[in-house]
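Listed below, chain by chain, are the residues.
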Amino acid sequence: MKVTVDVDCTPEEARAFLGLPDVQPMQQALLKQMQAHLSANLGAMEPEALLKTWLPTQVSNIGALQDFFWSQFAKAASGATGKSDPRKPQE
């Protein structure tokens, strides 16, 4: 024997029938707080702000930025890590 019951009600009606709390006011307040927080931090996602955050403080202009990148490329190409090799005797 198979019995099928279809209940036609809204989520609010089902919540009230089952005695569950209405969390919509809390969700709306939390959503407003999240929107305010995201709006406040949106300025940090601008390219200039990201570069200031990611790059060292000594890099202040484009020329210095290019010099910084070229020095890093040169170091990588020469295999220099800035540390002395413990297997090689000191000169």
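Everything below is about the structure printed above this text.
Since the structure is predicted, the reported quantities are computational estimates derived from the model, not experimental observations. (Residues numbered from 1 in each chain as written. Predicted model: local features only at pLDDT ≥ 70, side-chain atom pairs only at ≥ 80, totals over all residues. Heavy atoms only, no water.)

(A) Structural detail: the overall build of the protein. Broken down by element type, the protein carries four helices and zero strands. Beginning at the N terminus, the succession of helices and strands in the protein can be written as α-α-α-α. Classification of the 91 residues of the protein by burial places 4% in the buried group. When the accessible area of the protein is evaluated, it comes to approximately 8900 Å², of which 61% is carbon and sulfur surface. (Helix = DSSP H or I, 4+ residues; strand = E, 2+ residues; numbered from the N terminus. Buried < 20%, exposed > 50% of the residue type's maximum accessible area, 1.4 Å probe, protein only. Areas by Shrake-Rupley, 256 points an atom, 1.4 Å probe, with all protein chains shown as cover.)

(B) Here's a closer look at helix α4 (residues 62-78). For α4, which comprises 17 residues, the first-to-last C-alpha distance of 24 Å matches the rise-based estimate of 24 Å (1.5 Å per residue) to within 8%. Within two residues after α4, glycine 79 carries a phi angle of roughly 80°, on the positive side. (Expected span 1.5 Å × (residues − 1).)

(C) Seen up close, the packing of aromatic side chains. Evaluation of the coordinates by the stated rule reveals three aromatic pairs. Residues phenylalanine 68 and phenylalanine 69 carry aromatic rings whose centres are separated by 5.8 Å and whose planes lie at 55° to one another, so their mutual orientation is tilted. Overall, phenylalanine 68 belongs to the partly exposed group, its relative accessible area being 21%. The class of phenylalanine 69 is partly exposed, set by a relative accessible area of 37%. A ring pair is formed by phenylalanine 69 and phenylalanine 73, whose centres lie 6.5 Å apart and whose planes are at 20°; its orientation type is stacked. Taken together, the positions of phenylalanine 69 and phenylalanine 73, both in helix α4 and four residues apart, correspond to about one turn of that helix. A relative accessible area of 51% places phenylalanine 73 in the exposed class. A network of ring pairs unites the aromatic residues Phe68, Phe69, Trp70 and Phe73 as a single cluster. (Phe/Tyr/Trp six-rings, centres within 6.5 Å; stacked < 30°, edge-to-face > 60°.)

(D) Spotlight on a nonpolar patch on the surface. Taken together, the side chains of Met1, Val3, Val5 and Val7 present a nonpolar region at the surface, about 560 Å² in accessible area. Relative to the helices and strands, valine 3 resides in the segment before α1 (11-18). Its relative accessible area of 62% is what places valine 3 among the exposed residues. (Patch = residues over 30% accessible without salt bridge, like charges linked within 9 Å, V, L, I, M, F, W, Y side chains within 5 Å. Salt bridge = Lys/Arg side-chain N within 4 Å of Asp/Glu carboxyl O.)

(E) Seen up close, the environment of aspartate 22. Positionally, aspartate 22 belongs in the loop between α1 and α2 (24-41). As a C-alpha pair, aspartate 22 and glutamate 12 span ten residues in sequence and 7.9 Å in three-dimensional space. Looking at aspartate 22, its side chain comes within polar contact range of the main-chain nitrogen of glutamine 24, at 3.3 Å. (Polar contact = N/O pair within 3.5 Å; in protein donor to acceptor, adjacent residues only side chain to side chain.)

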